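Summary of the model geometry
The lines below spell out each chain.
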Amino acid sequence: MTAEAVAALQRELAESVAVPVFASSLLQVPIVHRMLKKDQLIGIVTADSTQSGPDTDTNTVTVPSPSLAITKSNALTDADGSGDVSVGDTITYTYTVTNTGTANLTGVAVLDTPLGTITLSDVAGNGVDVMAPGDVETGTATYVVQSTDLGSSIDNTVVASSDQAEDATDSVTIPVPTPSKSIDKTFVNDDADGSGDV
């Protein structure tokens with residue numbers, strides 16, 4: 001029996017009896033769909049022959065969910081021992097990228113503005129730009145503080161991307177103080193001649 005015939009029979013049954021009667025298990029699909037997780041799909045297989053009635057089976061297929069996360073941290077090498085960020089100091093940034101989803105990720109790349117492309121480690125051994133679920137890869141970059149940074153801040157934004165997941169971002173802002181100094185000079189007049197002035 002075709003789907004059209006089942007649908008027509010369903011209408012006739014509904015109109016002729018006082019209780020609900022379902023002519024096909026396909027009517028259960030919306031109910032089954034509501035019971036699934038958002039990344040699951042319903043597959044329907046139908047078998048038929050001329051010797052017996054049709055037979056239907058359903059199958060649930062889990063669709064992996066891609067997700068990517070990145071964190072960025074920094075450490076200061078205080079070249080002049082001043083105890084704060086100053087010209088000539090080196091800032092080392094560390095990037096940690098994690099596949100937080102259930103799907104394999106390909107084309108994984110990390111771009112830091114303004115430091116450029118960051119090369120990731122290949123701890124898992126499956127390629128620098130490939131991450132299986134749960135994989136964690138890291139990369140580093142350095143920046144030497146310039147005189148033009150004084151009195152402002154060093155702002156970096158990093159973006160991790162892949163072919164499957166939405167981009168992930170993190171930012172770090174490092175304030176750079178302005179060095180300054182002042183001097184006060186005083187004098188004492190011995191007024192040797194008692195004139196009251198110099």
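Our subject is the structure that appears above.
First, a word on scope: everything that follows refers to the structure included in this document. (Residues numbered from 1 in each chain as written. Predicted model: local features only at pLDDT ≥ 70, side-chain atom pairs only at ≥ 80, totals over all residues. Heavy atoms only, no water.)

Let's shift gears to the sheet that holds strand β9 (residues 168–175). Ordered by their spatial adjacency, four strands build an open sheet running β6-β5-β8-β9, and the pairing between neighbours is antiparallel. Each end of this open sheet is capped by a strand with a single partner; those strands are β6 (116–118) and β9. The sheet shows a mean angle of 25° between the axes of neighbouring strands, direction not considered. Looking at chain direction, strand β5 (residues 109–113) and strand β8 (residues 153–161) are connected through five bridges and run antiparallel. Residue pairing in the sheet places Asp 112 in a bridge with Val 158 of β8. (Pairing = 2+ DSSP bridges. Helix = DSSP H or I, 4+ residues; strand = E, 2+ residues; numbered from the N terminus. Axes fitted to C-alpha atoms, helices over the stretch in contact; angles between N-to-C directions.)

Right, let's talk about unusual backbone geometry for a bit. In this structure, Pro 114 follows Thr 113 across a cis peptide bond, with omega equal to 20°. Within the secondary structure, Pro 114 sits in the loop between β5 and β6.

Let us now look at the environment of Asn 59. Assignment of secondary structure puts Asn 59 in strand β2 (residues 55–62). C-alpha of Asn 59 to C-alpha of Leu 41: the two residues are 18 residues apart in sequence and 8.4 Å apart in space.

Here the focus is the pairing of β5. What you see with β5 is a clean split: Val 110 and Asp 112 sit on the buried side and Ala 109, Leu 111 and Thr 113 on the side with no burial. Bridge count between β5 and β6: three bridges; the pairing is antiparallel. When the sheet's bridge partners are listed, Asp 112 is paired in β6 with Gly 116. Here β5 hands over to β6 after two residues, the two strands then running antiparallel side by side. (Buried < 20%, exposed > 50% of the residue type's maximum accessible area, 1.4 Å probe, protein only.)

Attention now goes to the sheet that holds strand β7 (residues 136–144). Pairing is antiparallel across the open sheet formed by three strands, whose spatial order is β3-β4-β7. Each edge of the open sheet is held by one strand with a lone partner, namely β3 (68–77) and β7. The mean inter-strand angle of the sheet, taken between neighbouring strand axes irrespective of direction, is 20°. Where β3 meets strand β4 (residues 90–99), 10 bridges bridge the pair, whose relative direction is antiparallel.

By themselves these figures say nothing about function.
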